[in-house]
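Report on the structure
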Amino acid sequence: DSLRATLRTREQMIANLIGPQVTVMTLTSTMPTAPTARMFWDRQHKAWTFVAHHIPMPKAGRTYQMWLVTPTAKISAGTFMPSTDGEVMMQATYPMAKDSLAAVAVTDEPMGGSAQPTTPPIMLASR
């Protein structure tokens, strides 16, 4: 049963990356390490998959926070830490009308995250 569940999870993740309703956004960075990142938005399943490479560890007591930016709000999509080799894969489910997303941003926030961004974006993709 656990193998079937794992396979279903992987199949859904692949669909969230390559399905016909997926929008791909490439984030640019202001970081000196020049990380690369993409956000895959599967509008049909309301699923978000963030994949990034070469992201440095934040300073002690800090974390990265993902934001879905609409014309009227900045919505937290959660916090994340890169692996020791700078890799990130983060998934979330959040319903959003297809025309309401203006940008996806990543900020450097205090551990635990913030209610609203407290720093300028270090990574950003505008739509």
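All figures in this text were calculated on a predicted structure; none of them were measured in a lab. (Residues numbered from 1 in each chain as written. Predicted model: local features only at pLDDT ≥ 70, side-chain atom pairs only at ≥ 80, totals over all residues. Heavy atoms only, no water.)

**Side note on the environment of Thr28**
Position of Thr28 relative to the elements: it lies in strand S1 (residues 22-29). Owing to a relative accessible area of 55%, Thr28 belongs among the exposed residues under this scheme. Each C-alpha atom of the pair Thr28 and Met123 lies 5.4 Å from the other, and the pair is 95 residues apart in sequence. Not counting chain neighbours up to four residues away, the residues in contact with Thr28 comprise Ile122, Met123 and Leu124. (Helix = DSSP H or I, 4+ residues; strand = E, 2+ residues; numbered from the N terminus. Buried < 20%, exposed > 50% of the residue type's maximum accessible area, 1.4 Å probe, protein only. Contact = heavy atoms within 4.5 Å.)

**Comments concerning the nonpolar core**
Within the largest apolar cluster, 24 residues are counted, with the highest numbers of intra-cluster contacts made by Leu27, Phe50, Phe80 and Val106. With residues near it in sequence (within four places) discarded, Val106 still touches Leu27, Phe50, Tyr64, Gln65, Met66, Phe80, Pro121, Ile122 and Met123. (Core = buried A, V, L, I, M, F, W, Y, C linked by side-chain atoms within 4.5 Å.)

**What to know about the sheet that holds strand S2 (residues 36-42)**
With respect to topology, eight strands assemble into an open sheet ordered S5-S4-S7-S8-S1-S2-S3-S6, the strand pairing being antiparallel. Both outer strands of the open sheet, strand S5 (74-80) and strand S6 (88-93), are each paired with one neighbouring strand and no more. The sheet shows a mean angle of 25° between the axes of neighbouring strands, direction not considered. Bridge analysis of strand S7 (residues 103-110) against strand S8 (residues 123-126) gives four bridges, and the strand direction is antiparallel. Each bridged residue has a counterpart across the sheet, and for Val106 the counterpart in S8 is Met123. (Pairing = 2+ DSSP bridges. Axes fitted to C-alpha atoms, helices over the stretch in contact; angles between N-to-C directions.)

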